[in-house]
Each structure stands twice: as C-alpha cells, then as structure tokens.
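Results of the structural survey
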Amino acid sequence: MTDSNRGTAFRALHQKGNPFILANAWDIGSAKMLAALGAEAIATSSAAHAFTLGRPDMGHVTRDEALAHAQDLVAAVNVPVSGDFENGFGDDPDTCAETVKLAYEAGLAGISIEDTALPDAKPYARDKAIERIRAASAAARALPGDFVLVARADGVMNGQYNLSEAMARLKGYEDAGADCLYIPLPGTIEDQAAICATTDLPVNALAAGPFTQHSRADFAKAGVARISLGSALARATHRVIFDAAHGMFEDGDFSLLGKSISGDKIDALL
C-alpha cells in the first residue's frame, strides 16, 4: 500500500454504526495470518509487542523499537496498519508531534496516543493531555498524506478517573483536532453507546474483558466505528501456551497440542 492511499483507505473504514475490526498483531506472522483471514486493517499492540520481547506492558518498549516493529508489519501486509503508540513516547507535546511524523515515515496509516504518564498508570492533567493531542494533530495535518490520529482516555480502564472525566477529555481531544476517540473498557455497552452519542467523530471500542461478550452487531448498535483487540488475541495465544505447559510439565499430558491447526493451513495463509 502506497504512501498516497494508506491513510485515505484507513480513514474510509471508520463508519459510525458500521464498525470494522482493527486486528492487533504482534509479529509478521500474526499480521500476515490476520490479513489473509480477512482483516481490513492491522494494528500493533504495545503490550503484545512487549511480550514478544520478554518485557511487561506499559512503557517498556522504546519508540525506535516500536517504529521498527511497525515497519515490519507494514511491509508484511497490503492493508493499512495503525500504531498503538502508548503515550506518544514522551510527556512533552512536541515529542508527540515528532512521533506522528516518524510514524507516518514508517508507513503507518495512523496511531493512537493515550493520556497515561507511563511507566506509571497515573494520567496527565486534562489540560496537558489535550495539549499533547493538539500538537499531535497539528503534526498530522502537516503531513503530505492522510493520517488518522486516535486520542485515548485510559483513566477509566486504569482506575484513575471516572467516565465523566473521560468524556470531558474526549471533548477536549475533539476540539484539539483528533480524528477518532477512544475510552477503553468504559464499563458497559450502554456507556459505550453514550460515548458514541456525544460526538460525530468515529469512536473505537475495545473487544476485551467483559466486552468480549458483545457481538459486532451490539457494537454497531452502540454507534461504534471501529473495534480493536488490544492484546486480547495475543493473550489468548499465551493462554494456550500456559494451559499446554501446565499439562505437559505437571501431568505429562500433551493432549492440548492435538487441537492445533495443521502446518499446511498456516503455510497457505502466510
């Protein structure tokens, strides 16, 4: 996918009430499999990428590492790729702006920036969080091609502030020029619908935790434009490793390995 159409194609997928699934991959193989299986767009996952490096989530991957990882995924698939770029890899608004430029140069169609002052879970003050998005948005608009900037309010998921505060932050992000808004795991699907009703911008929802009990149709009814997976799919694979390892090392039981798909199927998808 060329520089001239990746952002435009990605933006066109964002339709309120008709959500596409943004499939978060963690390496070249998972990205190629997901694209071959029908993903219209791929995203990185900061947590899933950290797991592949043997590190915990939240602020343990550098910007250079994230950019190199993103370039690998961009080169592997012919669909738009978005970056889960944590807090923009720095506290300062100018750092967020620089991250946008570097992400575009890496071939990404967009990125998300959250309001968490990593590596702590504490959020930036609202005014600073909005200023960071304003700087990132200005950088995105100055790029030679289209680029979708997602502004995240992570404090509800992290137990740092309530939904009312998150909604106030989204309003500030919208005014600051964000293209898409995102409150991960806001509580209920009704809360998700309330978020979507407050803005004309596309809203991302996270299919993780209790929200995995809702279908795409439920998200569509709530007005969601995009459903991302975060690290949920990567953690599902780790669940298989965890369960299989317990069976093997504790009981000498290899039966879970018999439920794997054939190498031929994987080869065909790759």
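Now for a quick tour of the structure.

Quick notes on the rules
Per-chain numbering applies: the sequence of each chain, read as written, is numbered from 1 onward. A pLDDT threshold of at least 70 governs which residues receive local features in this predicted model, and a stricter bar of 80 or more applies before side-chain atom pairs are shown or counted, although totals over entire chains, interfaces and linings include all residues. Side-chain metrics in this entry use all non-hydrogen atoms of the structure; hydrogen atoms and water are not considered. Only a pair of cysteine sulfur atoms within 2.5 Å qualifies as a disulfide here. The rule is simple: take the accessible area with a 1.4 Å probe, protein chains only, and divide by the maximum for that residue type; under 20% is buried, over 50% is exposed, in between is partly exposed. The method works on a 1 Å grid over the protein atoms by themselves. A cavity is a set of points holding a 1.4 Å probe that cannot get out, a pocket is an open set with protein on both sides within 12 Å along at least five of seven lines, and residues with an atom within 4 Å of a point line them. Grid points are joined across faces, edges and corners, and a volume is the space filled by probe spheres set on the points. For the purposes of this entry, the term helix denotes a DSSP run of H or I that reaches at least four residues, the term strand denotes a run of E that reaches at least two, and both are numbered from the N terminus. Each reported salt bridge corresponds to a side-chain nitrogen of Lys or Arg within 4 Å of a carboxyl oxygen of Asp or Glu. Any two strands between which DSSP finds at least two bridges are classified as paired. Convention adopted: a line fitted to C-alpha atoms gives each axis, helices being fitted over their contacting stretch, and angles between N-to-C directions are expressed from 0 to 180 degrees. Here a residue-residue contact requires only that any non-hydrogen atoms of the pair lie within 4.5 Å.

**Observations regarding the state of the cysteines**
What the rule picks out here adds up to zero disulfides. Here Cys196 stays unpaired: no disulfide links it, and the sulfur of Cys180, its closest cysteine neighbor, is 9.5 Å away. On the basis of relative accessible area, Cys196 is assigned to the buried category, the value being 2%.

**So, empty space enclosed by the protein**
Rolled over the atoms, a probe sized like a water molecule indicates the empty space that remains. What the rule picks out here adds up to one cavity of 30 Å³ or more. The volume enclosed by the largest cavity comes to roughly 70 Å³. Lining the largest cavity, in full, are Thr44, Ser45, Ser46, His49, Val61, Ala66, His69, Asp84, Phe85, Glu86 and Phe89. Mapped onto the lining of the largest cavity, the elements with two or more residues apiece are helix 3 (46-52) and helix 4 (63-76).

**Examining the pattern of salt bridges**
Across all of its chains, the model carries 14 salt bridges by this definition. Between Asp115 and Arg169 there is a salt bridge; the shortest N-O distance is 3.0 Å. Within this pair, whereas Asp115 is found in the loop between strand 4 (110-113) and helix 6 (126-141), its partner Arg169 is found in helix 7 (residues 163-176), the two being separated by 54 residues in sequence. A residue is classified by how much of its surface remains accessible, and Asp115, at 2% relative accessible area, is buried. Residue class for Arg169 comes out buried when judged on its relative accessible area of 4%. The salt bridge involving Arg134 is made with Glu131; its shortest N-O contact spans 2.9 Å. Remark: Glu131 and Arg134 occur in helix 6; sequence separation between them is three residues, near one turn of the helix. Of the residues examined, Arg134 reaches a relative accessible area of 38% and is grouped as partly exposed. The exposure class assigned to Glu131 is partly exposed, which follows from its relative accessible area of 35%. Here the residues in one salt-bridge network are Arg11, Arg141, Asp146 and Asp179, joined through shared partners.

**Quick notes on the sheet that holds strand 7 (residues 203-206)**
Read around the closed barrel, the eight strands follow the order 1-2-3-4-5-6-7-8; overall the barrel is parallel. The average undirected angle you get between the axes of adjacent strands in this sheet is 25°. Where strand 7 meets strand 8 (residues 226-228), three bridges bridge the pair, whose relative direction is parallel. Within strand 8, the residue paired with Ala205 across the bridge is Ile227. Together, strand 4 and strand 5 (148-152) form the strand contacts of helix 6, whose direction differs from that of strand 5 by roughly 175°. Against the sheet, helix 7 makes contact with strand 5 and strand 6 (180-182), and its axis sits at roughly 160° relative to strand 6, the strand it touches most.

By themselves, these figures tell us nothing about what the structure is for.
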